[in-house]
Every structure is written in structure tokens, then in C-alpha cells.
Amino acid sequence: MGMIGEKNDGISTEMNREMSGDITKAEEGVVASEHHVDLHRDLKARHITMIAIGGAIGTGLIIGTGEALAKAGPAAILISYSVVGLVVYTVMCGLGEMASWLPLSSGFTGYAVRFCDPSLGFALGWTYWFKYIILTPNQLTAGAMVIKYWIPPEKVNAGVWITVFLVIIVSINYFGVKFFGEFEFWLSSFKVIVILGIILLSFILMLGGGPDHDRKGFRYWKEPGAFNTYITDGDAGRFFAFWSTMVSATFAYLGTELIGVTVGEAQNPRRTIPRAIKLTFYRIVVFYITSVLLVGTLVPYNSKELIFATSQSSSAAASPFVVAVMLAGIPVLPHILNACILLFVFSASNSDLYIATRTIYGLSREGKAPKFLSRTDSRGVPVYALILCALIACLAYMNVSSDSKVVFGYFVDLVTIFGLLAWISLLVTHIYFIRARKAQNVPEEDLAYKAPFGAVGSYIALAFCILICFTKSYDVFTHNPKWGNFNYKKFITAYLGIPLYLILIFGYKFATGAKGYKPEEVDLWTGKDIIDREEQEFLARKAVLDEQRGRGSWFYRTFVSWLF
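Residues numbered from 1 in each chain as written. Predicted model: local features only at pLDDT ≥ 70, side-chain atom pairs only at ≥ 80, totals over all residues. Heavy atoms only, no water.

Points about the overall build of the chain
Moving on, step 1. Scanning the chain for helices and strands turns up 23 helices and zero strands.
Moving on, step 2. Out of the 564 residues belonging to the chain, those deemed buried represent 60%.
Moving on, step 3. In the chain, the proportion of contacts linking residues at least 24 apart, taken out of those at least 6 apart, comes to 82%.
Moving on, step 4. Summed over its atoms, the accessible surface of the chain is roughly 22,400 Å², and 65% of this surface lies on carbon and sulfur atoms. (Helix = DSSP H or I, 4+ residues; strand = E, 2+ residues; numbered from the N terminus. Buried < 20%, exposed > 50% of the residue type's maximum accessible area, 1.4 Å probe, protein only. Contact = heavy atoms within 4.5 Å. Areas by Shrake-Rupley, 256 points an atom, 1.4 Å probe, with all protein chains shown as cover.)

Comments concerning the packing of helix α5 (residues 74-101) against helix α19 (residues 454-471)
Moving on, step 1. Running from N to C, α5 and α19 cross one another at 130°; their axes reach a closest spacing of 9 Å. Judged by the inter-axis angle, α5 sits oblique to α19. As for the relative orientation of α5 and α19, their crossing is left-handed in sense. Facing α5, whose interface residues are Val83, Val87 and Thr90, α19 presents Gly457, Ser458, Ala461, Phe464 and Cys465.
Moving on, step 2. Its residues assigned to classes, the contact of α5 with α19 shows five nonpolar, three polar and no charged. (Axes fitted to C-alpha atoms, helices over the stretch in contact; angles between N-to-C directions. Parallel < 35°, antiparallel > 145°, perpendicular 65-115°, else oblique. Left-handed = near helix turned anticlockwise from the far one by under 90°. Nonpolar A, V, L, I, M, F, W, Y, C, P; charged D, E, K, R; others polar.)

A few points about the packing of aromatic side chains
What characterises a pair of aromatic rings is the spacing of the ring centres plus the angle enclosed by the ring planes.
Moving on, step 1. All chains considered together, the criterion is met by 27 aromatic pairs.
Moving on, step 2. Summarising the aromatic geometry, the rings of Phe239 and Phe242 are spaced 6.2 Å apart at their centres and angled 50° between planes, so their arrangement reads as tilted. Here the residue Phe239 and the residue Phe242 both occupy positions in helix α11 (residues 234-244), the gap between them amounting to three residues, near one helical turn.
Moving on, step 3. Phe239 gets classed as partly exposed once you look at its relative accessible area, which sits at 46%.
Moving on, step 4. For Phe242, a relative accessible area of 14% corresponds to the buried category.
Moving on, step 5. Each ring, one from Phe372 and one from Tyr384, has its centre 6.0 Å from the other, and the planes form 75°; the classification is edge-to-face. Taken together, the residues span a long stretch of sequence, with Phe372 in the loop between α16 (333-365) and α17 (383-392) and Tyr384 in helix α17 at a distance of twelve residues.
Moving on, step 6. Across the ring face of Tyr432, the terminal group of Arg435 is positioned such that the distance to the ring centre comes to 4.8 Å. (Phe/Tyr/Trp six-rings, centres within 6.5 Å; stacked < 30°, edge-to-face > 60°. Lys NZ or Arg CZ within 6 Å of the ring centre and 35° of its normal.)

Structural notes on the environment of Lys71
Moving on, step 1. Mapped onto the elements, Lys71 comes out in helix α4 (residues 59-72).
Moving on, step 2. As a C-alpha pair, Lys71 and Ala241 span 170 residues in sequence and 6.3 Å in three-dimensional space.
Moving on, step 3. Setting aside residues no more than four positions away along its own chain, Lys71 makes contact with Asn228, Thr229, Tyr230, Ala241, Ser244 and Asp475.

What about the nonpolar core?
Moving on, step 1. Counting residues in each nonpolar core, the largest one holds 157 residues, and the members touching the most others are Ile63, Tyr81, Trp126, Trp129, Tyr253, Ile360 and Trp423.
Moving on, step 2. For this core, the element with the highest residue contribution is helix α18 (residues 404-439), accounting for 18 residues.
Moving on, step 3. Ignoring sequence-local partners within four residues, the contact set of Trp126 consists of Ile360, Leu363, Lys368, Ala369 and Leu504. (Core = buried A, V, L, I, M, F, W, Y, C linked by side-chain atoms within 4.5 Å.)

Some words on the packing of helix α7 (residues 118-147) against helix α21 (residues 497-512)
Moving on, step 1. The geometry of α7 relative to α21 is characterised by a closest axis approach of 8 Å and an angle of 145° between their N-to-C directions. The interaxial crossing formed by α7 with α21 has right-handed handedness. Where α7 abuts α21, its residues Pro118, Ser119, Leu120, Phe122, Ala123, Trp126, Thr127 and Phe130 lie against Leu500, Tyr501, Leu504, Ile505, Tyr508 and Lys509.
Moving on, step 2. Tallied by class, the residues present in the contact of α7 with α21 amount to eleven nonpolar, two polar and one charged.

What about unusual backbone geometry?
Moving on, step 1. At the junction of Glu223 and Pro224, the peptide bond is cis and its omega measures out at 15° in the coordinates.
Moving on, step 2. Inspection of the secondary structure assignment puts Pro224 in helix α10 (residues 219-225).
Moving on, step 3. Its identity as a non-glycine residue notwithstanding, Ile231 has a phi of 75°, on the positive side.
Moving on, step 4. Tracing the sequence through the fold places Ile231 in the loop between α10 and α11.

Here's the deal with helix α12 (residues 246-253)
Every α-helix winds through 3.6 residues per turn, so residues three or four apart in the chain are directed the same way.
Moving on, step 1. With eight of eight residues buried, α12 is to be regarded as a mostly interior element.
Moving on, step 2. For α12, the full list of buried residues reads Met246, Val247, Ser248, Ala249, Thr250, Phe251, Ala252 and Tyr253.
Moving on, step 3. Positioned one or two residues after α12, Gly255 has a phi angle of 105°, which is positive.

Considering the pattern of salt bridges
Moving on, step 1. Inspection of the entire model under this criterion finds nine salt bridges.
Moving on, step 2. Linking Arg219 and Asp214 is a salt bridge whose minimum nitrogen-to-oxygen distance equals 2.4 Å.
Moving on, step 3. With relative accessibility at 22%, the residue Asp214 sits in the partly exposed group. (Salt bridge = Lys/Arg side-chain N within 4 Å of Asp/Glu carboxyl O.)

Comments concerning the environment of Val160
Moving on, step 1. As for its placement among the helices and strands, Val160 is situated in helix α8 (residues 158-174).
Moving on, step 2. For Val160, a relative accessible area of 41% corresponds to the partly exposed category.

Some details on a nonpolar patch on the surface
Moving on, step 1. Together, Phe477, Phe486, Tyr488, Phe491, Ile492 and Leu496 make up a nonpolar patch on the protein surface, roughly 590 Å² of accessible area in all.
Moving on, step 2. Following the sequence through the fold, Ile492 ends up in helix α20 (residues 488-495).
Moving on, step 3. Among the residues examined, Ile492 registers a relative accessible area of 44% and is labelled partly exposed. (Patch = residues over 30% accessible without salt bridge, like charges linked within 9 Å, V, L, I, M, F, W, Y side chains within 5 Å.)

Some remarks on the environment of Ile133
Moving on, step 1. Note that Ile133 resides in helix α7.
Moving on, step 2. Not counting residues up to four positions away in its chain, the partners in contact with Ile133 are Ala356, Cys389 and Ile392.

A closer look at the side chain of Asn338
Moving on, step 1. Examined against the element boundaries, Asn338 turns out to sit in helix α16.
Moving on, step 2. Among the residues examined, Asn338 registers a relative accessible area of 1% and is labelled buried.
Moving on, step 3. Of note is the side chain of Asn338, whose polar atom sits 3.1 Å from the backbone oxygen of Val146.
Moving on, step 4. Setting aside its immediate chain neighbours within four residues, Asn338 contacts Val146, Tyr149, Trp150 and Val322. (Polar contact = N/O pair within 3.5 Å; in protein donor to acceptor, adjacent residues only side chain to side chain.)

Re the confidence of the model for the chain
Moving on, step 1. For the chain, per-residue confidence averages 80 on the pLDDT scale, and residues scoring 70 or more make up 80% of the total.
Moving on, step 2. Every residue in residues 1-34 scores below 50 in pLDDT, and together they form 100 contacts with partners more than four places removed in sequence or on other chains.
Moving on, step 3. Per-residue pLDDT stays below 50 along residues 310-315; that stretch engages in 15 contacts with residues further than four places along the chain or on separate chains. (pLDDT = per-residue confidence, 0-100.)

Here it is in C-alpha cells:
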């Protein structure tokens, strides 16, 4: 899977390179003598961590929230983002339990192949690639929507901006992973600072600290209301509106699982993983729940300034956060904030193209994709994989003949279904892992980290993900003046992933004869002794380094190191 490539060239520092390089290659069946197929390990731990944190702050939160607010109202999005956030946290806990027991560089597919069924690992790898090849044109589409704030498409066609973005991100990815890592580190750091600033500004505006001195509080929850209606009026209409936001909420959280895969290969995973899971919980509460709550108090769902609530093509903002600043009457700042959001989108499209490239590269190295896609140049860049993913990103040119809002919606539907299927696969794998652990009498005391909700939590989250999969786009079957009784375009983009996922699983079973494992047959132990030994060696070296640094490193250890 792609995370193989991403993590292989990313997680290690010099110490980790020495201890785990050969083991990783042996584990994945990589022949060391192969030429022009190896990635360069030039990403540092700080790069991976900040990219993963920054990856959680993307188009879904900054722009997708505006679509959900316009459709359902502030209370509906607060509930949906909270519920899906709990599901995401459960997925992360399950992934953390497996990763802390046996950190595998092969990431998602490694756990599915090892603990559940090789066919599930195959389907999961390809599903994850499908998600990221659609995410890249989705981000480019979002970029075109953001630029509408300044330049309407009637003056400059959206295809111009898409071309500019695409050329730049392909160039950055082609320059090599070292340049990419440093570039994304600073962009992601900037994103974290900006989103925290937006949250603080939103809180000040809510309390009347803006130029208009208007203490809004929860005024817009009363008029026009906390819940909008959709399809029909009354309570049924409010419920339909609420449930329709599940797509936006799921889309906003996609990518959160990246940090879980990152810590799967981190140094000293027995301590890193619990910290990472705790940080994930705080990220969900601060970045998502808090920001959604605040923006719902500042922007009415029927605001004419919100691009998703109006049919006008210019002067409206794609992000509700920009609208909040506009309504507060702060001069210039809306333009600055919109420019920051444009950088958010650019950063997201850049990292999504990177992950898509490394995903198909990893599948090729495992023999699950054409071999030429694992060829690399002298800088360790998988050129052919990059070309393929860049060509697929040209789907963004659908904006040239269609409204960006419509195209954005199609891409969100596609990405959401692939993301949900990836979460479903992870939850199934965790359930199988627990069954194997119990069947082989592994005591809970031996676990470095245990998912707090256990198998019950994974079953509930699994049921909820499946429910969202089948009902998230229910409105394609309802009557609407725009498309009649059935919207076949939205139906295809909303549900294409499900038959494709099943074809991948059963097709692989038919082609290879792969079967699922019985709990007592699951291999829980191979490689664990190596991981334990690496951990002891790492701790010993770290103790020596800490002793040499002395008290001078106290500030770093207390306030900085726990982040990484």
C-alpha cells in the first residue's frame, strides 16, 4: 500500500535507519539488489508529524463545512461532526492497539493481510489509492472555488488556475522527497497557526469584539434557526438535513488516520502511540468541534455571502470562516484569510499527490500493481507513478464546463465512500486482531496500548460506518425539481466505491485462492521480538543522549518532544 512508500522514506531518523532499514526490506520482500526501485529516506520525524497534523486541517474542515452549514444549519453540523469524530477516534484507537503490538512498515495493508485476510489487504490498498487520486483533483477544484472570491470564472476560466496549481505541485513532488518534506513541514506549521488564530478570532467575534461590537452569541441558532430543512418541511425535513451532513463530516475527518500509521513505525512506539491517540482526541475537539461550533454562531445558514447558500458565481466566499469575518465588518482581513485558505488547499493538493504516488508505488513493490510503477530516478522519485497520478488529477478540468460547486460535490461523494471503506477495513481488522489475541490467550497486560472501547466500540463504529455508506446520499432517490426522481450522476459518485471494493476482495480471492484466518491461526508473533529488541536499543541510546545533553534539554523534553 502507499503508506509503505510514505513511511519507508519518512519515519526514520539516523538512529532508526540503522536499526530498522534491513528488517523493513526483508519484511516486505524487497530485494536489496534491485536498481532504481528504492525510495530515499529523507523525511524526518518532525516532517511526518507536522504533515500528519496539518493533513487533518484541510478542505473538508475549511470549505466542506460551508456546504454542510448551508444545507443543515449550525446545530446539525455540530452533532454530525461530533458523532463522526467519535467514530474516527474509535478507528484510531483500534489502529493504535495493533500498531503498538507490532509496528509494521506496510501500514494498513500489513495489518489486514497479517491479522484478517490477504484479499482484504489487497482491497484496502487499492481503495486507499482511489481515495487519494480523487482527493488531488478535489483540492484543485476547491482552489478554483476559493479564487472565485476575487476573480469570477467569467473573467478567467477555472482551468487556468487548475493548470497553475497542477504544474507547481507536480514540480514540487518531482524535486525529491527532501525538498517536499521541508516545504510541507513549514506549510503545515503555518496551517496549524492559522486555524488556531481563526478559532481565537471567531471566539472574540462571537463575544462582540469585532468592529461592529455586535455580541452575536447564539442569535443565529434562533433566527434563521439551529436546523435547516431539506427535501420537506417540519421535523422530517430537519432530520433529512442533519443526515445529509454526514458526507461533509466524514469528508472533513478523512486523513486523520495518517498519524496512526505514522506512529506504527515511530521510534519507541510503546510510548508514542498512547500520546498520539491522546493528541488525536484533542485535535478532534479543538480543530473540528470547537471551530464548527463557533462558525455556526457567526454565520447564518442562509447567508447570501456563503457560496453554497447562493446561486451567484462571484463575491461569495467558499469558506464560512471568511464569511464570518466579512459579516463582522473587518476590512482587508477577509482577503488575507481567503489567501491563507488558498494556501491550505495548495498544501493539501501537494501532500495528496505525494501520498497517491507513494501508495501506487507501494502496491507495485508488493506485486499488486504494474511493475513499472515502482521505478524510481536517481533522486528516489517514483516518476512513472507520479505521472500516472498527475494525469488522473486532470479530472479537475471538469470545472471548465461545470460549476465548481457541483464538481466539488461529486468529488466529495467519491472520496467519502473510499474513506469510509478504508475505515471499515481497519475496524474489521481490529476485531479480528482481538479475536486472535483472545484465542491465543494473550493477556491484556502484555499490550502496550489497549483500545478503551475494545471490540464493542469497533463493532458499533463498524455498524455506523456501514450505515453511513448506504444512506449518506439518500437524496438521490428523492424527488427534486432540478433532477426529477433520480440523480444518476450523484448516485454513481456516491456508491461506485462499494461494488468496486467487493470486486477487489472477491476477485483477489478467486485469482489467488486466498482465505481468511481462523483466530488461532493468526500470526501475532513473527517480528515482535525484533521490535522489542529495537525498542530496548533505542531506549538505551536515548538514555545516553539524554545524559549527555543534561539539563539543557529539559525545555524540549517537557514542552516539545511529546508532540513528536
